[in-house]
Amino acid sequence: MIPELGHLSLIIALQLALLQGVMGLVGASRDNRLWMAIARGAAQGQWLFVLLGFLALAWSFLINDFSVMNVADHSSRHLPPQYRIAATWGSHEGSFLLWTLLLASWTLVIVIAGRQLPAELHARVIGVLGLLSFCFLAFVLFTSNPFMRLHPPPANGNDLNPLLQDPGMVIHPPLLYMGYVGFSVAFAFAIAALISGKFDEDWAHWIRPWTLIAWAFLTLGVAVGSFWAYYELGWGGWWFWDPSENASLMPWLAGTALVHSLVVTGRSGVLRVWTVFLSLAAFSLALLGTFLVRSGVLSSVHAFAQDPLRGLFILVFLGLVVSGSLLLFAKRAAVVKVAGHFKVVSREAAMLTGNVFLLIALLTVMLGTLYPLVLDALDLGKISVGPPYFNAVFVPLMVPVLLLLGIAPWMRWGQEQLTVLLQRVRWQALLAVVLGGLLPFVAGDWRWQAALGVTLAGWISLTTVSGLVQRYRATASLPLSAYGMGFAHIGLAVGVLGMGLVSAYQSEKTIAMKPGESATLGAYEFVFKGTQEVPVANYSAMRGTLVLNKSGTEVATLLPEKRMYRSSQKPITEAAIRYGFFGDIYVALGEPLTDGRWSVQLYLKPFVGWLWGGALIMVLGAVLAAIGARRQGVPA
C-alpha cells in the first residue's frame, strides 16, 4: 500500500510541476498575478508530494519490503538501519528521486525567500524550476520508477554495494546533489532574465547568495567524496582523476568562476555576458556529470546504472537544456551586453583572467574525461587517460589562478597603476618566495612540490590577511561578506599547502609479513601480530593487528580488515588510519600469501588532512559570504 501511495504522490507532483512551470512563465508574460500565485502554490504542493514519495521509498527500505524491486536489488535483511536509509539514494532510481526532492526543496525556498524580488522575475524563476522538475519527475516515473513491484517477493535482497555501506556515503550524495541542484537556481535566474530581456542592476545581487550556498554544498560534497575514497578504497590516495570524480570537478570549476564573476557584475555591471554564460554552464555541467555517472557509460564505483534507455533520456534532456539555453543566450546577446569598460590593470581584468584560466582547466578535464568515451563509442579503440595527463595540464593552469587570487583583492576597480600595485604586495611576495625556498630545507629534503605548495599557500594567506587588515584600517569595519572571502581564500591556501606537502613527502611500502615480523617506514616500526576472524551482522572480517612503534615506544595499535559481505559475497579492504594534525599513518591489509604471510601496504601521508580541513574552511567562508551578501545586497 505504501509503495502505491508513493507512486501516486509522484504522479500528482508531476502534474503540479507542469502547472507550476506553465503558470509561472505565462503568468509573468501576461502580468497575471493570479496565475503567478497559482505557480507559487503549485510549487509548494509539488514539494509536499515529492517528499511523500521519497518518504514512501525510504519506509519501504526501512521495513525490508522486498516486494519493491528497488529494495530487493539494493538492500538485505543483514543491512543496518542507517544504511537502509542510505540505500534509498544508493540506486539509480532512488538517486534521481533524491535529486527531484532537492530541486523541489530549492524551489520552495525560492518561493518563500524570494518574495522581495520583482513579481515577474520571481514568477519566471519559479516557472523555469517547475519545468526542470517536470522533466526529472517524468524521467523517474517513465524510465526509473522506484516503486516497481516483484511477485512473489524474494525472502532476502541482493544487498547494498559494500563500498556504499559507509557513513561517508550516507552524506556524500545528498551534499553533492545539493550543489548540483543548487546551480539550477542561477540557471533559472539567467533564463528568466533572458526571456524577459531585462537585466536589472540588482540581478547579480539576487543570484549571488544562492550560488554561494550551492557552491558550498558542492565543495563539501566533493571533499567528503575525496575523503571517503581515501579511507575506504584502501589505496591511500585522495584524488585519482577517476571520471566520476571529474564529473563533480567540472561543475565545481564553473561554479567557482561564476561566484567570482558575480562579484564583478554586482559591483560594476560589467562581465554580464560572462556571468550569464557561466550560470548556464554550471548547471549544464551538473547535468553532464549526472549523465556520466548514471547512464552506464563509465566503469566506476559510482556508475552502476546500466540501462541505455535511461542514459539516452538524460542525454536528450542535457542536449535540450544546453542547446535551448545557448540559443536563447545568442538571441538575447545584444540585451545582455552592457556598456562599461575597465583597464588591463584592474580588479575586473584580474578576475576575468582568472576565470579564463579556470575555464581552460575545465576544458582540459572535460577533454581527458570524454575523449576516451568518444573513441570507444566510435569503435576507434580504447585508451585510458589518467593522472599523468591531468597533472601535466591541470596543475600548471592553476598556478596563475592562485597568483591572481592573491593580487586581485589589492587592485582597484576600473583601473590600477601597476607600479603602485607591485609596491603594495612586494613584501608579501618576497616573504612567500623565501618561505617556499627555505621550509623544504627545514624538512630535510628539498622538493619542488613542497616549495611550490608553500610559496602559493604563503602568497594567498599573506595577501588575504594583509588586505583585510588594510581594508579594516581604512573603513574601521568589514562586511560579513569580506570575512567570508577571507576564510574561503585562507581555506584554499591550507588545502594547497596540504597538497604540496603530501605530494612531496608521502612514502609507502608493500611487504609480505607473518606474525611477529616487523617493517620500518620513515621513523615508524610496524609489528605484525597476526590476524583473527571477526563476525559482524552484515559481513565477516579478517582483522589484522599491527603495533606501531616510534623510537622504541608503542604509540598505537592499527586494525586493518579484509571484509566479506554476506549477501553479495564481495570482498572489501578496510584501511586502518592513525589520523594526526601533521599527517596520517595508513595501513591496508592485502591478500593472504603462503606460509601464513599477508601482503600489507604501509603509507605515511604528511599533512594530508589539511586538504579536507582547508575545504571545510572554504565552505565556512562561502556561507559567511552568502549571509553577508543576503543582508547587504552588495558584493565583497
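It should be noted that the structure appears before, not after, this text.
Cut-offs and rules
Residues numbered from 1 in each chain as written. Predicted model: local features only at pLDDT ≥ 70, side-chain atom pairs only at ≥ 80, totals over all residues. Heavy atoms only, no water. Helix = DSSP H or I, 4+ residues; strand = E, 2+ residues; numbered from the N terminus. Rg over C-alpha atoms; globule rule 2.2 N^0.38 Å. Buried < 20%, exposed > 50% of the residue type's maximum accessible area, 1.4 Å probe, protein only. Expected span 1.5 Å × (residues − 1). Bend = angle between axes of the 7 residues up to and from the residue. Contact = heavy atoms within 4.5 Å. Pairing = 2+ DSSP bridges. Phe/Tyr/Trp six-rings, centres within 6.5 Å; stacked < 30°, edge-to-face > 60°. Polar contact = N/O pair within 3.5 Å; in protein donor to acceptor, adjacent residues only side chain to side chain. Core = buried A, V, L, I, M, F, W, Y, C linked by side-chain atoms within 4.5 Å. Axes fitted to C-alpha atoms, helices over the stretch in contact; angles between N-to-C directions. Parallel < 35°, antiparallel > 145°, perpendicular 65-115°, else oblique. Left-handed = near helix turned anticlockwise from the far one by under 90°.

S.K.: What is the right way to read the overall build of the protein chain from this model?
M.R.: What the protein chain contains, in helices and strands, is 18 helices and 10 strands. Here the C-alpha atoms of the protein chain give a radius of gyration of 26 Å, agreeing with the 26 Å that 2.2 N^0.38 yields for 636 residues. If one aligns the C-alpha atoms of the protein chain with their principal axes, the spans along those axes are about 80 × 75 × 50 Å. Expressed as a percentage of the 636 residues in the protein chain, the buried residues total 56%.

S.K.: How should I be thinking about helix α15 (residues 418-442) in this particular structure?
M.R.: Along an α-helix, a turn takes 3.6 residues, which lines up residues three or four apart on a common side. Here α15 spans 35 Å end to end across 25 residues, near enough to the 36 Å set by a 1.5 Å rise per residue. Maximal helix bending in α15 amounts to about 50°, located at Val-425. Within the span of α15, buried status applies to Leu-421, Arg-424, Val-425, Gln-428, Ala-432, Gly-436 and Pro-440. Buried positions along α15 lie against α14 (387-407), α16 (448-475) and α17 (480-505). Immediately beyond the C-terminal end of α15, within one or two residues, lies Gly-444, with a positive phi of roughly 90°.

S.K.: What is the right way to look at the pairing of strand β10 (residues 598-606) in this model?
M.R.: A regular strand carries its side chains on alternate faces of the sheet. In terms of burial, β10 is largely enclosed, as 9 of its 9 residues are buried. Of the two faces of β10, the one holding Trp-598, Val-600, Leu-602, Leu-604 and Pro-606 and the one holding Ser-599, Gln-601, Tyr-603 and Lys-605 are both buried throughout. Sheet analysis places strand β1 (residues 507-513) next to β10, joined by 7 bridges and oriented antiparallel. Directly across from Met-513, in β10, lies its bridge partner Trp-598. Here strand β9 (residues 583-592) runs beside β10; their pairing, made up of 8 bridges, is antiparallel. Counterpart to Gly-583 in the pairing with β10 is Pro-606. Adjacent in sequence and paired antiparallel, β9 and β10 are bridged by 5 residues, among which Asp-595 carries a positive phi angle near 60°.

S.K.: What is the right way to read the packing of aromatic side chains from this model?
M.R.: Here the distance between the centres and the angle between the planes together describe a pair of aromatic rings. Under the counting rule described, the total for this entry stands at 31 aromatic pairs. Measuring from centroid to centroid gives 5.0 Å for Phe-227 and Trp-612, while their planes differ by 65°, and the two rings are edge-to-face. On the criterion of sequence distance, the pair formed by Phe-227 in helix α8 (residues 203-232) and Trp-612 in helix α18 (residues 609-632) is long-range, its members being 385 residues apart. Trp-612 sits in the buried class, given a relative accessible area of 11%.

S.K.: Just checking my understanding: could you explain the environment of Ser-248 for this structure?
M.R.: Tracing the chain through its elements places Ser-248 in helix α9 (residues 243-268). Judged by its relative accessible area of 6%, Ser-248 is buried. In the structure, Ser-248 is positioned 43 residues away from Phe-291 in sequence and 11 Å away in space, judged by C-alpha atoms. A polar contact of 2.8 Å, which involves the side chain of Ser-248, links it to the backbone oxygen of Glu-245.

S.K.: I'm lost on the nonpolar core in this one. Help?
M.R.: Here is a general trend for soluble globular proteins: nonpolar side chains tend to be buried in one another's company. Phe-189 and Trp-203 are the most contacted members of the largest nonpolar core, which has 165 residues in total. When near neighbours in sequence (up to four residues on either side) are disregarded, Trp-203 contacts Phe-189, Ala-190, Ala-193, Thr-275, Val-276 and Ser-279. Ala-576, Ile-585, Leu-589 and Leu-602 belong to the second largest nonpolar core, which has 18 residues in total.

S.K.: I'm lost on the packing of helix α5 (residues 92-113) against helix α10 (residues 272-294) in this one. Help?
M.R.: Angle between the axes and distance between the axes are the two parameters that describe a pair of packed helices. Between α5 and α10, the shortest axis-to-axis distance is 12 Å and the interhelical angle comes to 165°. Relative to α10, the element α5 is oriented roughly antiparallel. The chirality of how α5 crosses α10 is right-handed. Mapping the contact onto sequence places His-92, Ser-95, Phe-96 and Trp-99 in α5 and Phe-283, Ala-286, Leu-287, Thr-290 and Arg-294 in α10.

S.K.: Mind showing me how you'd approach the sheet that holds β9 here?
M.R.: Two modes of strand pairing occur in sheets, parallel and antiparallel, and in both the strands are linked by backbone hydrogen bonds. The 4 strands are arranged β1-β10-β9-β8 in an open sheet whose pairing can be described as antiparallel. Every other strand in the sheet has two partners, leaving β1 and β8 (576-578) as the edge strands with one partner each. Averaged over all pairs of adjacent strands, the angle between their axes in this sheet comes to 15°, without regard to strand direction. The strands that α8 touches are β8, β9 and β10; relative to β9, the one it contacts most, it runs at about 50°.

S.K.: What should I look at first to understand unusual backbone geometry in this one?
M.R.: Among all residues except glycine, the phi angle is most often negative; among peptide bonds, the trans geometry is most common. That bond from His-151 to Pro-152 is cis: its omega, -5°, falls within 30 degrees of zero. Mapped onto the elements, Pro-152 comes out in the loop between α6 (119-143) and α7 (167-196). Phi is positive for Ala-476, which is not a glycine, with a value near 70°. Its identity as a non-glycine residue notwithstanding, Asp-595 has a phi of 60°, on the positive side. Structurally, Asp-595 is set in the loop between β9 and β10.

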